[in-house]
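Each chain is listed here by its residues.
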Amino acid sequence: MPQLSYIDVFFSVQAFQEEELRGKSAVIIDVLRASSSIATAIRNGAKKIIPVADMSDAMKIATTMDQKDYLLCGEKNGNKIEGYHLGNSPAEYTPDTVKDKTLIFNTTNGTKAIKKASLANKVYIGSFLNQQSILDILQEHDDEIVLICSGWQGRLSIEDTLFAGALLYAISGGNLPDSAKDGAKVAFGLFEKYGHDLEGAISKSDHAKRLAELVPNDDISFCCKVNEFDVLPGMRDGILTNLNG
Ligand code: MLT
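Predicted model only: the values in this text are computed from it and were never measured.

## A closer look at the site of the ligand
Residues in contact with the ligand amount to 13 residues; listed here are only the nearest, Arg 33, Asn 88, Thr 107, Asn 109 and Gly 110. Contact between the ligand and Thr 108: an oxygen atom at 3.4 Å from a main-chain N or O atom of the residue. Coverage of the ligand by the protein amounts to 100% of the 270 Å² it exposes when considered alone. More than half of the atoms belonging to the ligand lie within 2 Å of the grid points that define the largest cavity.

## What about the environment of Tyr 194?
As for its position among the elements, Tyr 194 is in helix H7 (residues 182-194). When its relative accessible area of 29% is taken as the criterion, Tyr 194 is described as partly exposed. Between the C-alpha atom of Tyr 194 and that of Ile 158, which follows or precedes it by 36 residues, the distance is 9.7 Å. Apart from residues no more than four positions distant in its own chain, Tyr 194 is found in contact with Ile 158, Leu 162 and Ala 201.

## What about empty space enclosed by the protein?
Evaluation of the coordinates by the stated rule reveals 1 cavity of 30 Å³ or more. If you trace the largest cavity, you find 17 residues lining it, with Asp 30, Leu 32, Asn 109, Trp 152 and His 207 closest to the centre. Here the residues of the lining of the largest cavity are counted per class, giving 2 nonpolar, 10 polar and 5 charged.

## Details of the packing of helix H5 (residues 131-138) against helix H6 (residues 158-172)
As a packed pair, H5 and H6 sit with axes 11 Å apart at the nearest point and diverge in direction by 50°. Considering the angle they form, H5 stands oblique to H6. H5 and H6 meet at a crossing whose hand is right-handed. Counted together, Gln 131, Ile 134, Leu 135 and Leu 138 of H5 and Phe 163, Ala 166, Leu 167, Ala 170 and Ile 171 of H6 form the full contact between these two elements.

## Quick look at the environment of Ser 12
Turning to its location among the elements, Ser 12 is positioned in the loop between strand E1 (7-10) and strand E2 (24-29). Taking the relative accessible area as the measure of exposure, Ser 12 reaches 4% and is therefore buried. Residues Ser 12 and Ile 29, spaced 17 residues apart in sequence, show a C-alpha to C-alpha distance of 9.7 Å. Filtering out sequence-adjacent residues up to four positions away, Ser 12 remains in contact with Cys 149, Ser 150, Gly 154 and Arg 155. In this structure the side chain of Ser 12 is engaged in a polar contact, spanning 3.2 Å, whose partner is the backbone nitrogen of Gln 14.

## Focus on the packing of H6 against H7
Packed helix pairs are characterised by how far apart their axes lie and by the angle those axes make with each other. Axis separation between H6 and H7 bottoms out at 7 Å; the angle between their running directions is 95°. By the criterion of interaxial angle, the relationship of H6 to H7 is roughly perpendicular. Contacts between H6 and H7 involve Ile 158, Thr 161, Leu 162, Ala 164, Gly 165, Ala 166, Leu 168, Tyr 169 and Ser 172 from the first element and Ala 184, Ala 187, Phe 188, Leu 190, Phe 191, Glu 192 and Tyr 194 from the second. Partitioning the contact of H6 with H7 into residue classes produces 12 nonpolar, 3 polar and 1 charged.

## Remarks on the layout of surface pockets
Of the pockets and cavities examined, the largest pocket occupies roughly 160 Å³. If you go around the largest pocket, the residues you meet are Pro 51, Ile 114, Lys 115, Ala 117, Ser 118, Ala 120, Asn 121, Lys 122, Val 123, Met 235 and Gly 238. For the lining of the largest pocket, the class distribution of residues is 6 nonpolar, 3 polar and 2 charged.

## Regarding unusual backbone geometry
Cis geometry is found at the peptide bond from Leu 32 to Arg 33, where omega equals -5°. Within the secondary structure, Arg 33 is located in the loop between E2 and helix H1 (34-43). Although it is not a glycine, Asn 77 adopts a positive phi angle of roughly 50°. By secondary structure assignment, the location of Asn 77 is in the loop between strand E4 (70-76) and strand E5 (79-80). The class for Asn 77 is partly exposed, based on a relative accessible area of 37%. In this model, Gln 153 sits at a positive phi of 45°, which is unusual for a non-glycine residue. Structurally, Gln 153 is set in the loop between strand E8 (144-149) and H6. With a relative accessible area of 48%, Gln 153 lands in the partly exposed category.

Rules used throughout
Residues numbered from 1 in each chain as written. Predicted model: local features only at pLDDT ≥ 70, side-chain atom pairs only at ≥ 80, totals over all residues. Heavy atoms only, no water. Near = heavy atom within 4 Å. Polar contact = N/O pair within 3.5 Å; in protein donor to acceptor, adjacent residues only side chain to side chain. Areas by Shrake-Rupley, 256 points an atom, 1.4 Å probe, with all protein chains shown as cover. 1 Å grid on protein atoms, 1.4 Å probe; cavity = no way out; pocket = protein on both sides within 12 Å on 5 of 7 lines; lining within 4 Å. Sits in = over half its atoms within 2 Å of the grid points. Helix = DSSP H or I, 4+ residues; strand = E, 2+ residues; numbered from the N terminus. Buried < 20%, exposed > 50% of the residue type's maximum accessible area, 1.4 Å probe, protein only. Contact = heavy atoms within 4.5 Å. Points joined across faces, edges and corners; volume = space filled by probe spheres on them. Nonpolar A, V, L, I, M, F, W, Y, C, P; charged D, E, K, R; others polar. Axes fitted to C-alpha atoms, helices over the stretch in contact; angles between N-to-C directions. Parallel < 35°, antiparallel > 145°, perpendicular 65-115°, else oblique. Left-handed = near helix turned anticlockwise from the far one by under 90°.

See the structure below:
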């Protein structure tokens, strides 16, 4: 387990430089909804997920593959991208749809955070859905850990910060030492205030309001479920697979 003073929290994709992650490991968090959709897709049998930073990278990768093997997935500003097979709702990532497929995944903030973390020792994808798998793997780490909240276009998101706080709360047994970093204290404090009613807090978040007109309500409550899946999406050579598989 890393010492608590070795765990930091970054609150958006824009809050760090790639080089800052060298020699550290990272958990990428985008509760609404990229990390929740990735965990669901892996749980439902997706063979691998290739995160990309933009549409042109997605198309470049797609043209190298057989059409029957891949699905183009993701959103821009919450909306499914025209011509893509799937959007970014976890409900779309059913076993019938994703089993044995390679998903080329492109989202507004989440996949950008994943790509930006490429210099980290290890990269995991965390959401409430697979919280325990993240806690279990962090126990094996003695390097510095950064919990990277994807946020929204440079701004903090309460749902991502709450998940970072949930991890810190569990790791510290509810008692964060004074030696913890500032980011860890903020996330922990937020979880102390709102952790008893995750769905209540997250359904009033800025991003839930943004999504309200665009996606089914069920997406929010689904993404607030804790420990639904025992999957550990993690990066190897630019590709996400289930490291618990
Ligand atoms: C993102 O990457 O910003 C999100 O996953 C957006 C969304 O909710 O679809």
